[in-house]
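A structural walkthrough
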Amino acid sequence: MFIPGTLVGPFTQAHPGLGGVCTFVGEVRGGEGQDMGVEALELSYYEPLTLPTMETLADTAIERFDLMGLLMVHRVGKMRVGEPIVLVSAAARHRRGAIDAVDFCMDHLKAAAWFWKREKRADAWHWIEPRADDYADLARWDK
């Protein structure tokens, strides 16, 4: 597990002169609506594919949004409801670049399937695939 605040503070301090930092932390959902009954989440990955692809995503975001820096942390393994899964933080001279970069990275992480995800519910483990909305969010960056 990681504690997002312990990473964001030093990241921000490492970029003097920034105009904005945007940070997103995704957590394991559970307890309400369609997520009711989720007891745990498990993510796995294939290192030779996942890590280079994340590095390419970071490079693309830094260039596309003129960032001063980008921090991406993604956990794998078993996690409980309420634990952080992912952290994306972008530092830029202007807020819009930071905000858009985080949104861009999260859309790619969510829909590009570099991680395999399953949820533990009372009855069994269930594989989770990206939703149609996830692919629609990703497609808007191609415009």
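Everything below is about the structure shown above.
Residues numbered from 1 in each chain as written. Predicted model: local features only at pLDDT ≥ 70, side-chain atom pairs only at ≥ 80, totals over all residues. Heavy atoms only, no water.

Turning next to helix α2 (residues 47–64). In a regular helix each residue adds 1.5 Å, so 18 residues correspond to 26 Å; α2 covers 25 Å between its end C-alpha atoms and thus fits that length. Looking only at α2, the buried set comprises T50, M54, L57, A58 and A61. Considered in projection along α2, the buried side chains sweep an arc of 100° and stay on one side of the axis. For α2, exposure combined with an orientation more than 90 degrees from the buried face picks out P48, E55, D59 and E63. On its buried face, α2 sits against β2 (40–45), β3 (67–74), α3 (95–111) and β6 (115–120). (Helix = DSSP H or I, 4+ residues; strand = E, 2+ residues; numbered from the N terminus. Expected span 1.5 Å × (residues − 1). Buried < 20%, exposed > 50% of the residue type's maximum accessible area, 1.4 Å probe, protein only. Arc of directions from axis to C-beta. Contact = heavy atoms within 4.5 Å.)

Attention now moves to helix α1 (residues 4–13). When we look at burial in α1, the residues that qualify are P4, V8 and F11. The buried residues of α1 all sit within an arc of 65° when viewed along its axis, so they share a single face. Those residues of α1 that are exposed and aimed more than 90 degrees away from the buried face are G5 and Q13. Its buried side turned inward, α1 meets β1 (20–27), β3 and β5 (84–92).

Structurally, D134 can be placed in helix α4 (residues 132–139). Of the polar contacts made by the side chain of D134, one reaches the backbone nitrogen of R131; its length is 2.8 Å. When residues no more than four places from it in sequence are discounted, the contact partners of D134 are K110 and A111. (Polar contact = N/O pair within 3.5 Å; in protein donor to acceptor, adjacent residues only side chain to side chain.)

With the rule as written, the count across this model stands at eight salt bridges. Note that K120 and E39 form a salt bridge whose closest N and O atoms lie 3.9 Å from each other. Linking K120 in strand β6 with E39 in the loop between β1 and β2, this pair joins segments that are 81 residues apart in sequence. Among the ionic contacts, a cluster of salt bridges with common partners joins D103, D107 and R140. (Salt bridge = Lys/Arg side-chain N within 4 Å of Asp/Glu carboxyl O.)

On to the sheet that holds strand β4 (residues 77–80), then. As summarised here, the arrangement of the four strands in space is β4-β2-β6-β7, forming an open sheet in which the pairing is antiparallel. The open sheet has two edge strands with one neighbour each: β4 and β7 (125–128). Across the sheet, the axes of successive neighbouring strands diverge by a mean angle of 25°, strand direction being ignored. Bridge count between β6 and β7: four bridges; the pairing is antiparallel. Counterpart to E119 in the pairing with β7 is H126. (Pairing = 2+ DSSP bridges. Axes fitted to C-alpha atoms, helices over the stretch in contact; angles between N-to-C directions.)

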